[in-house]
Amino acid sequence: MEKKISLSAIAIFILLFIVSSSVNLTAQKGSPAIDFSGYKTLKVKPSEADPSVKNWDSAHIVFYNKAIKNNKVLLWLTGTGGSTDHFPQSFFKTALDQGYRIIALSFMSMPGVSQVCKGDYLSQNVDCAAEFRRKRIYGDNTFLPIPDQYQDAIIPRLTKLLQYLSKNDKEGVWSQYLDQNTGKPVWSKIAIAGQSQGGGMAEFIAQHESVARVLSFSGGWDYSDSKTRKIAGWYSQKLMTPSQNVFATYHMKEVAAAELAEICKTLHIPAENVFALDQPIGQQPNKAAHGNPYHVEGIKNPVYQSIWIKMLGSGL
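Read on for a plain summary of the structure. Every value quoted in this text rests on a predicted model; they were computed, and no experiment measured them.

**Some points on unusual backbone geometry**
Right, on to step 1. Methionine 110 connects to proline 111 through a cis peptide bond whose omega is -10°.
Right, on to step 2. Phi at valine 173 is positive, roughly 50°, even though this residue is not glycine.
Right, on to step 3. Structurally, valine 173 is set in the loop between helix H7 (154-168) and strand E5 (190-195).
Right, on to step 4. The exposure class assigned to valine 173 is partly exposed, which follows from its relative accessible area of 33%.
Right, on to step 5. Notably, serine 218 is not glycine yet its phi reads approximately 50°, a positive angle.
Right, on to step 6. Examined against the element boundaries, serine 218 turns out to sit in the loop between strand E6 (213-217) and strand E7 (223-225).

Okay, structure coming up:
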């Protein structure tokens, strides 16, 4: 039986997390913003693509080179508390240079798995993390502790956005990313990159869809037992995406480095595709970074650009 968590408790979780761990993933402090003017940029509110959307309506952001017609999409999924108001500029520019087009998807990033699947609730439901992620990605199950509706889920929002772009941005030829028989995304032409919660979402999707590529940056560490820090059972499921196309990073000084290393092994990500980062922090640590400033280094610090290129491969 599911134990219902009160909305007031969730609100407290959200407030505390925003105060303690909000991280700006735009340009490095003191660095100039990167110029994206050479790429077509679109901003589409989720409610424009799907009028049933009522919550978390900040715009999806799309970048692409109009001269390239048949390249892959890189779907970006932010971490807990993140939104499309902030994105990792250096990484996005690198992905565009590698030939990708980018969709930074707006989805409900709060609360995160770690705010819900913990303590007594996790003890009563060891599959909490998998149920949470299924709800936030597909929206096709019942999971009461989070307020997400079907139209808020990641894949329904992506599908509606691709349908909208197909109709309203003809030069982008967006219909190539939708199966004309099923209406579902053509996963073979879509790579997924994500930070923290978003990285865990990318890994979860890779177990259920054969996507072009997965790039998990310190992807969330889900537990089946928070006291013993036993990782969640869902990590043991077989990947639908070929393992050689799954990549992951974590920093050796971040709080959950040991768990992230174990997760990579449990997911059977090839050792050569896992990057244990060790460079000094790229800027003055953000005091609001939940006491875990190294957690964002993999996606934020341009010193790792050569690793990003290995993970991305070619988007053409």
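Read on, since the account is not over.
**Quick notes on H7**
Right, on to step 1. Across its 15 residues, H7 extends 21 Å between first and last C-alpha, which sits within 8% of the 21 Å expected from 1.5 Å per residue.
Right, on to step 2. All of the buried residues in H7 are Ile154, Ile155, Pro156, Arg157, Leu158, Thr159, Leu161, Leu162, Leu165 and Ser166.

**Remarks on the nonpolar core**
Right, on to step 1. Formed by 55 residues in total, the largest nonpolar core has its most connected members in Leu77, Ile103, Cys117 and Trp174.
Right, on to step 2. At 6 residues, H7 tops the list of elements feeding residues into this core.
Right, on to step 3. Those residues in contact with cysteine 117 that sit more than four places away from it in its chain are Leu122, Cys128, Ala129, Phe132 and Phe143.
Right, on to step 4. Phe87, Ile102, Ala191 and Leu215 belong to the second-largest nonpolar core, a separate cluster that totals 28 residues.

Criteria and cut-off values
Residues numbered from 1 in each chain as written. Predicted model: local features only at pLDDT ≥ 70, side-chain atom pairs only at ≥ 80, totals over all residues. Heavy atoms only, no water. Helix = DSSP H or I, 4+ residues; strand = E, 2+ residues; numbered from the N terminus. Buried < 20%, exposed > 50% of the residue type's maximum accessible area, 1.4 Å probe, protein only. Expected span 1.5 Å × (residues − 1). Core = buried A, V, L, I, M, F, W, Y, C linked by side-chain atoms within 4.5 Å. Contact = heavy atoms within 4.5 Å.

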